[in-house]
Amino acid sequence: LDAQGVQVPAPPVPDVYLVALGGQAEVAVSGLLHRLREQGIIAEKDYQGRKFKTQMKAADRLQARFAAIIGDDELAQGVMTLKSMADGEQTTVRLDDAVAVIQSKIKEIT
């Protein structure tokens, strides 16, 4: 492509990067990823089962606006942590409300 002078567009910046901590959380994250994408939200997740710190570094490297963190313990409580990557502010969000809250937070910053 370079030899032909074709410009490849950069991938879009994710609105949210989903971080899973545990096997059950991984299943929940996959479902949430699908629901977010259905609503037009640019969402990504880790597909390699990496550790928390590595997943957060990936969110930062991709310049995601938010990180949604779901562990097996949070899943049992029906909540997740939504972290703003810009200022580090964290909010506990009910999983049932996750898509609506993420949509609202994205609208606030755009």
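Structure: above.
Residues numbered from 1 in each chain as written. Predicted model: local features only at pLDDT ≥ 70, side-chain atom pairs only at ≥ 80, totals over all residues. Heavy atoms only, no water.

Caption draft 1: Looking closely at the pairing of strand E4 (residues 79–84). The element E4 is largely enclosed, with a buried count of five among its six residues. Bridge count for strand E3 (residues 66–71) against E4 is four bridges, and the pairing is antiparallel. When the bridges of E4 are listed, Ala67 appears paired with Lys83. Taken together, the five bridges between E4 and strand E5 (residues 90–94) define a ladder with antiparallel strand orientation. Bridging across to E5, Met80 finds its partner in Val93. Hairpin remark: E4 followed by E5, antiparallel, with five residues in the connecting loop; positive phi at Gly88, about 80°. (Buried < 20%, exposed > 50% of the residue type's maximum accessible area, 1.4 Å probe, protein only. Helix = DSSP H or I, 4+ residues; strand = E, 2+ residues; numbered from the N terminus. Pairing = 2+ DSSP bridges.)

Caption draft 2: Local environment of helix H4 (residues 98–109). Relative to the 16 Å expected for 12 residues at 1.5 Å per residue, H4 spans 17 Å between its end C-alpha atoms, a close match to the ideal helical length. Buried residues of H4: Ala98, Val99, Ile102, Lys105 and Ile106, and no others. The buried residues of H4 occupy an angular sector of 130° when the element is viewed end-on, so they sit on one face. Along H4, the residues that are exposed and aim more than 90 degrees away from the buried face are Lys107 and Glu108. Against the buried residues of H4 lie strand E1 (16–21), helix H1 (23–38), E3, E4 and E5. (Expected span 1.5 Å × (residues − 1). Arc of directions from axis to C-beta. Contact = heavy atoms within 4.5 Å.)

Caption draft 3: Layout of the pairing of E1. With five of six residues buried, E1 is to be regarded as a mostly interior element. Pairing between E1 and strand E2 (residues 43–45): three bridges, direction parallel. Note that in E2 the partner of Tyr17 across the bridge is Glu44. The parallel pair E1 and E2, bridged by H1, forms a crossover whose chirality is right-handed. Across six bridges, E1 lies against E3 in parallel orientation. Across the sheet, residue Tyr17 finds its bridge partner in E3, namely Ala67. (Right-handed = clockwise from strand over helix to strand, strands pointing away.)

Caption draft 4: Highlighting the side chain of Lys105. Turning to its location among the elements, Lys105 is positioned in helix H4. Nearest to the buried, unbridged Lys105 among oppositely charged side chains is Glu89, at 4.5 Å. Here Lys105 is in contact with Phe66, Leu82, Glu89 and Thr91, once residues within four sequence places are set aside. (Lys, Arg positive; Asp, Glu negative; His and termini not counted. Salt bridge = Lys/Arg side-chain N within 4 Å of Asp/Glu carboxyl O.)

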